[in-house]
Amino acid sequence: MILRRLALAAALALPFSLPTAAFAQAPIVIKFSHVVAPDTPKGKGAQRFKELAEQKTGGKVKVELYPNSQLYKDKEELEALQLGSVQMLAPSLAKFGPLGVKEFEVFDLPYLFKDTDAFRAVTDGQLGADLFKKLEPKGIKGLAYWDNGFHIMSANKPLHNVADFKGMKMRIQSSKVLDAQMRALGAIPQVMAFSELYQALQSGVVDGTEGVPSNFYTQKIFEVQKHMTLSNHGHLAYAVIVNKKFWDGLPADIRTQLEAAIKESTTYANAIASTENGRALEGIKASGKTTIYTPTPAETTEWKKALMPVHKEMEARVGKATVEAAYKAASFVAPK
């Protein structure tokens, strides 16, 4: 009788024990969402992270990539991360201002960075680390900065002089600094999700935008814009971020392996940014649909002088100490 009861108990327990064992062996899933195409520097960086993360953890982690706003648009993705609906993002640095971490908008100050080295001096230095710490009370852990080169302007008419911007409806990301930048040029800023940009340009809802060649090329922006100006007035970069509660809850060995994957994929993404943007610019030229203009030194100086008041105006929002720290790290020199 006792043996029969033990056998029955074992039989009843068996179906319930199998799912538990299966669950224990299931990989940790990281949903990595972003808003650009897979064949951009960010898209390729995300793909490299996926490969490295799965390789280094021996398959204990599975990274699911969702490019091109498949899951969430610009405004939605940070909230989705905070709620845990996705675990990882790589938003542009301008996205953190609306979240309440206004100091990140220092990266939007026009002509702050004279070259890529100046930008890296900020992100790889103390200021970059301090800014990431400010995200933690929001439930976000900053892991790395990914570079994507310098902004250029595009529009349906030539933009050579400051006067050319007057009355132009220009799409921007949700950043008060970018808003002030366009107003200083005489344009009318329009905040819009990146996923809606092509149609808005095509239909005339907006007249132009700023961005990097790789995004203009992969999203075919050049098909609906007649002119581009190689102004290099701003710099586009992304923060690879993760839900802090999820990250802190990972086993220590897994977290170490993922940190190594992030480090290697960051080196890769940063290395290809310049090449990819150069290749995209060549593709845009080859299309014959867009005129590409390089400003003269005099025109660049005019733009710089028109935009320098934005730096002073935004000190109160970004924080004077943050602006001064960025100036020092980037070796910024105001135009005379």
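Here the structure is a predicted model, which means the values were calculated and not measured. (Residues numbered from 1 in each chain as written. Predicted model: local features only at pLDDT ≥ 70, side-chain atom pairs only at ≥ 80, totals over all residues. Heavy atoms only, no water.)

Visitor: Would you mind showing me how to read the pairing of strand 8 (residues 208-211) here?
Guide: Side chains on a regular strand alternate between the two faces of the sheet. A two-sided burial pattern is seen for strand 8, the buried positions comprising Gly-208 and Glu-210 on one face and Thr-209 and Gly-211 on the other. In this sheet, strand 8 lies alongside strand 5 (residues 152-155) in antiparallel orientation, the contact comprising 4 bridges. Paired with Ala-155 across the two strands is Gly-208, which belongs to strand 8. By the bridge criterion, 2 bridges tie strand 6 (residues 169-172) to strand 8 in an arrangement that is parallel. Of the residues in strand 8, the one forming a bridge with Arg-171 is Thr-209. (Buried < 20%, exposed > 50% of the residue type's maximum accessible area, 1.4 Å probe, protein only. Helix = DSSP H or I, 4+ residues; strand = E, 2+ residues; numbered from the N terminus. Pairing = 2+ DSSP bridges.)

Visitor: Teacher, can you tell me more about helix 13 (residues 320-330) here?
Guide: Think of an α-helix as 3.6 residues a turn; residues three or four steps apart then line up on the same face. Listing the buried residues of helix 13 in full gives Thr-322, Val-323, Ala-326 and Ala-330. Looking straight down helix 13, one finds that the buried residues subtend no more than 100 degrees of arc, so they occupy a single side. Away from the buried face of helix 13 by more than 90 degrees, exposed residues Ala-321 and Lys-328 are located. Phi for Ser-331, located one or two positions after helix 13, is positive at around 55 degrees. (Arc of directions from axis to C-beta.)

Visitor: It is not clear to me how the pattern of salt bridges should be interpreted in this structure. Could you clarify?
Guide: If the charged atoms of two oppositely charged side chains come close together, the side chains can form a pair. Counted by the stated rule, this structure contains 15 salt bridges. Residues Arg-48 and Glu-51 are paired through a salt bridge, measuring 3.8 Å at the closest nitrogen-oxygen approach. Of the two residues, Arg-48 and Glu-51 are both situated in helix 2 (residues 41-56); the distance of 3 residues between them amounts to about one turn of the helix. Here Arg-48 falls in the partly exposed class, since its relative accessible area comes to 31%. Accessibility expressed as a relative area gives 41% for Glu-51, which makes it partly exposed. Asp-147 is the salt-bridge partner of Arg-120, the closest N and O atoms lying 3.1 Å from each other. (Salt bridge = Lys/Arg side-chain N within 4 Å of Asp/Glu carboxyl O.)

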